[in-house]
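One-letter residues, chain by chain:
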Amino acid sequence: MSRKYFGTDGVRGRVGKSPITPEFVMRLGHAAGRVLVAREHLPHGERPAVLIGKDTRSSGYMLEAALEAGFSAAGVDVCLTGPLPTPAIAYLTRALRLQAGIVISASHNPYYDNGIKFFSAFGTKLPDAVELAIEEGIDAPIECVASSELGRARRINDAAGRYIEFCKSSFPNSADLRGLRIVVDCAHGAAYHIAPHVLHELGAEVVAIGAAPDGLNINDEVGATAPKALSAEVVAQGADLGIALDGDGDRLIMVDHEGTVYDGDQLLFAIVKHRRSEGTVGGVVGTLMTNLAFEHAVAALGIPFARAAVGDRYVMELLQEKGWLFGGENSGHILCLDRHTTGDGIVSALQVLAAMRAEGGTLKALLSGLPLYPQKLVNVGVAKGFCWQDCAEIVAAAKAAETSLEGQGRILLRPSGTEPLLRVMVEGRDNARVTEVAETLAGVVRTVAAAQGAAGDAPVH
């Protein structure tokens, strides 16, 4: 069954436009509540309860109230945390033995977007069957339970402290961060009052930027999607390293003392290499966008590697299928399932720092073992529904391009999931050759797309 509202990471869109409206979100909360009531077998008289957290967008207040009303009408109690990272909600839902966790966030998007994502009682993304059951009830009229059965709301006042302690527990008890000066960029998002405390309490001298949210500045030229601000501040402060999170705290990018930026592939490699030195690593999952150098590097360590579709949801699904613990995306979503049930920027940063401490050197030295291969990405505008596999000319050009790389690179053609674009990506050892092949292949796609009435190139996202 196709999804009408849910994407790969919940429901997301522009605030005030369908589906991110108060009326829809209330119906979403009611539908989710009805599904929970039907699925849960609790002792007589005990109502299901959910946890609701949010990031720092001004629209979060409105959507939080709408969700609370929907759940209450369905007879579900609500626990509120206020601004808290997405992985914190996953952890607290499990720790408090609640039936579900809900996060109001649009992650790395601008402030004028927002979204709703769900976690199960086990701190994992909801199974497809449950999401589909919720979708089936969204368009139905709201039927309010009797007044005596309405859900009640309460605030979890120690939520932030609980999560801070959880993050610290993922770092080795025998180690600390004393002597390190760390700049942390919280993207004016949900981790603004969490990440600095975690690092400080582990002994680091902390300089926080992107830690003054006003409801409108989340991800605005700061955070994991805009690491230039962090690079400049690390150099200006003479710091040892920098940590950048995104608006909801599940994405990580790091910077060394020279201001050099390291992406999710490099950070995941550092974690996996360190874990292997401590014992056995079953295997690692990346995505179609994972750098070929990563695949070659883990193979040299004797570690199996598999690629999933782009999206941390698909990385998780493949990890569960194979029974492995480590995976991630080059965008900075990193999964360490021996530490958490979901991707967590702070916890992932602590795993990199633990590896750095064990090696006894700098972040630059730790991450020098994975020089990434050059990648060239060209977005070509195409008609809606365009299928490149049906175009013999493009298929032939892609095969010729891959052959021309002589086993020293790879080609990836991938439709955008949100825009009428075909992403043409080429990577390999030689930058000039990679650029030449990408432009040639993109030119073929552009010609075919133009013949079908599509637009031209679009910016890289």
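Presented here is a report on the structure given in the accompanying data block. Bear in mind that the values here come from a model prediction, so they are computed numbers and not experimental data.

1. Observations concerning the nonpolar core
At step 1: Counting residues in hydrophobic clusters, the biggest one holds 70 residues, and the most contacted among them are I243, I346 and L353.
At step 2: No other element matches helix α11 (residues 345-359), which puts 9 residues into this core.
At step 3: Grouped together as the second largest cluster of nonpolar side chains are 30 residues, Y5, A31, L36 and F71 included.

2. Quick word on the packing of aromatic side chains
At step 1: The full count for this structure, using the stated rule, is 7 aromatic pairs.
At step 2: Here Y91 and F166 contribute two aromatic rings whose centre-to-centre distance is 4.1 Å and whose plane-to-plane angle is 15°, an arrangement assigned as stacked. On the criterion of sequence distance, the pair formed by Y91 in helix α3 (residues 86-95) and F166 in helix α5 (residues 159-169) is long-range, its members being 75 residues apart.
At step 3: For F166, a relative accessible area of 11% translates into the label buried.
At step 4: Centroid distance Y111 to Y112: 5.4 Å. Interplanar angle 70°. Geometry classified as edge-to-face.
At step 5: When its relative accessible area of 35% is taken as the criterion, Y112 is described as partly exposed.
At step 6: Ring-pair connections join several aromatic residues into one group, and the members of that group are Y91, Y163 and F166.

3. Some details on empty space enclosed by the protein
Once rolled over the atoms, a probe with the size of a water molecule shows which space is left empty.
At step 1: One pass over the full model with this rule turns up 4 cavities of 30 Å³ or more.
At step 2: For the largest cavity, the calculated volume is near 60 Å³.
At step 3: As for the largest cavity, its lining consists of A32, V35, L36, V50, F71, A100, I102, F118, L126, V130 and I134.
At step 4: At the level of secondary structure, the elements contributing two or more residues to the lining of the largest cavity comprise α1 (22-39), β4 (100-104) and α4 (128-138).
At step 5: The greatest single-element share of the lining of the largest cavity, amounting to 3 residues, is contributed by α1.
At step 6: Split into classes, the residues belonging to the lining of the largest cavity amount to 11 nonpolar, no polar and no charged.
At step 7: There is about 40 Å³ of room inside the second largest cavity.

Thresholds, definitions, all that
- Residues numbered from 1 in each chain as written.
- Predicted model: local features only at pLDDT ≥ 70, side-chain atom pairs only at ≥ 80, totals over all residues.
- Heavy atoms only, no water.
- Core = buried A, V, L, I, M, F, W, Y, C linked by side-chain atoms within 4.5 Å.
- Buried < 20%, exposed > 50% of the residue type's maximum accessible area, 1.4 Å probe, protein only.
- Helix = DSSP H or I, 4+ residues; strand = E, 2+ residues; numbered from the N terminus.
- Phe/Tyr/Trp six-rings, centres within 6.5 Å; stacked < 30°, edge-to-face > 60°.
- 1 Å grid on protein atoms, 1.4 Å probe; cavity = no way out; pocket = protein on both sides within 12 Å on 5 of 7 lines; lining within 4 Å.
- Points joined across faces, edges and corners; volume = space filled by probe spheres on them.
- Nonpolar A, V, L, I, M, F, W, Y, C, P; charged D, E, K, R; others polar.

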